[in-house]
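# A closer look at the structure
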Amino acid sequence: MNIADLGYAAAWRLTRTLPRPVAAAAFAAGADQAYRRRGRGVLRLAGNLRRVIGPEPSEAELDDLVRRGMRSYARYFMEAFRLPALTREQVRIGFRLDGEEVLAADVAAGRGAVVALPHAGNWDAAGAWVAAMGWPLATVAERLKPESVYQRFLDFRRGLGMEIVPLTGGEQAPIEVLCDRLAKGYVVPLLADRDLSARGIPVDFFGGRTRMPAGPALLALRTGAPLYTAEMWFEPDAPCARLVGPISVPDPGTGTLAERVAVLTQRIADQLAAGIAAHPEDWHMLQRLWLDVPETAGPAGSTAGPAGSTADPTGSLESSSGPPGASGPA
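Throughout what follows, the structure given in this document is the object of discussion. For every chain, the first residue of the written sequence is number 1, and numbering continues from 1 along that sequence. Only residues with pLDDT of 70 or above have their local features reported here, since the model is predicted, and side-chain atom pairs are shown and tallied only from 80 upward, although totals for entire chains, interfaces and linings are computed over all residues. Working from all heavy atoms in the structure, the side-chain values ignore hydrogens and water.

Put simply, buried Ala, Val, Leu, Ile, Met, Phe, Trp, Tyr and Cys residues joined by side-chain atoms within 4.5 Å make one nonpolar core. The cut-offs for exposure are 20% and 50% of the maximum accessible area for each residue type, with area from a 1.4 Å probe on protein chains only; residues under the lower value are buried, those over the upper are exposed, and the others partly exposed. Of all hydrophobic cores here, the largest spans 92 residues; its most connected members are V66, L178, F205, L219, M232 and W283. Strands here mean DSSP runs of E at least two residues long; helices mean DSSP runs of H or I at least four residues long; both are numbered from the N terminus. By residue number, the principal contributor to this core is helix 4 (residues 59–82), which donates ten residues. Excluding anything up to four places from it in sequence, V66 contacts Y35, R38, V42, L45, A46 and L49. Here, residues are in contact when the closest pair of their heavy atoms is within 4.5 Å.

Written as structure tokens, this is what we have:
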């Protein structure tokens with residue numbers, strides 16, 4: 001067990017035992033300290049949020065937004081660490097979804113649903129809520145280092161009732177596993193606002209060029225399952241989400257599979273942008289994102305290969321910028 005694993009293990013144990021107000025105050029204090037230190041992640045968050053809010057707000061207004069953003073990110077960790085100690089009923093009442101009846105109908109009809117998520121709000125609480133409702137859920141997890149921390153997050157999410165498919169190293173390709181689960185009526189949530197690999201799909205996002213994963217669009221096109229995005233944010237008393245869609249899918253005669261994946265991924269990007277713009281303080285994007293910013297530019301992101309790379313419709317399902325193994329389960 002290495003230092004990172006020991007740190008996560010200690011945080012999980014301690015955070016569960018503390019009264020919630022005490023834990024919340026401790027995590028908020030840690031977020032404020034990180035904000036004041038202005039490390040690389042905070043600077044990137046500032047650059048990313050400037051893209052979202054545009055040039056009009058003052059630097060003071062941006063700084064306040066970044067401070068609130070770091071507190072929101074800390075709240076995500078605090079609430080995630082406390083999830084395993086909650087009962088199913090506590091999980092159900094501790095999260096609110098606008099559009100619950102739509103998702104319930106999809107599951108009841110056996111058609112399943114693909115939900116594209118931003119790195120925002122609390123996706124682990126959302127995934128735990130879906131499982132607590134008794135609905136089957138499957139998603140993917142990126143295999144990150146160190147392996148011990150990845151396994152800890154894997155056990156954590158499986159313990160909440162989620163089926164986790166490894167992005168690499170599994171017996172089957174994750175796309176095939178998820179197609180099978182959708183045919184059985186599963187909810188398949190995937191983090192969808194970042195994939196800077198060469199296999200990511202180029203999209204326009206807040207006036208700049210970036211890449212997003214092909215997985216959500218490809219799953220919808222292959223299976224016919226309805227495709228949604230989720231707007232995610234925090235209210236003082238609970239993490240919340242709003243289901244948006246279903247998104248219109250290009251007809252088979254309108255282009256090749258790669259072309260239709262590209263069109264649909266842009267539609268996903270547009271809807272994700274609208275949700276992020278509504279709640280910018282709850283978007284946890286502390287990593288590089290836009291491709292038109294040189295690597296040396298720091299806060300706004302950096303390049304990751306040529307921006308015009310050919311879209312691969314069998315490309316990665318998702319790419320995480322959350323904690324190790326984060327997969328966007330909800």
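Of all seven residues in strand 9 (residues 238–244), five are buried; the element is thus mostly enclosed. Pairing between two strands is assigned when DSSP locates at least 2 bridges connecting them. Judged from the three bridges that link them, strand 1 (residues 96–98) and strand 9 form a sheet pairing that is parallel. The partner of L97 across the bridge, within strand 9, is A241. Bridging between strand 8 (residues 227–235) and strand 9 involves seven bridges; their strand directions are antiparallel. Following the sheet pairing, A230 is matched in strand 9 by L243.

Within helix 9 (residues 174–183), seven of the ten residues are buried, which leaves the element mostly enclosed by the surrounding structure. Listing the buried residues of helix 9 in full gives P174, I175, V177, L178, C179, R181 and L182. On the buried face of helix 9, the contacting elements are strand 2 (113–117), strand 3 (138–141), strand 4 (163–166), strand 5 (187–191) and helix 10 (215–223). Backbone geometry just after helix 9 places G185 at a positive phi near 90°.

A word on the pattern of salt bridges. Salt bridge, as used here: a side-chain nitrogen of Lys or Arg that lies within 4 Å of a carboxyl oxygen of Asp or Glu. A complete count under the given rule lists 19 salt bridges for this structure. Here E281 ties to R68 by a salt bridge, and the two come within 3.9 Å at their closest N and O atoms. In this pair, E281 is assigned in the segment after helix 11 (257–278) and R68 in helix 4, connecting sequence segments 213 residues apart. We classify R68 as partly exposed; its relative accessible area is 33%.

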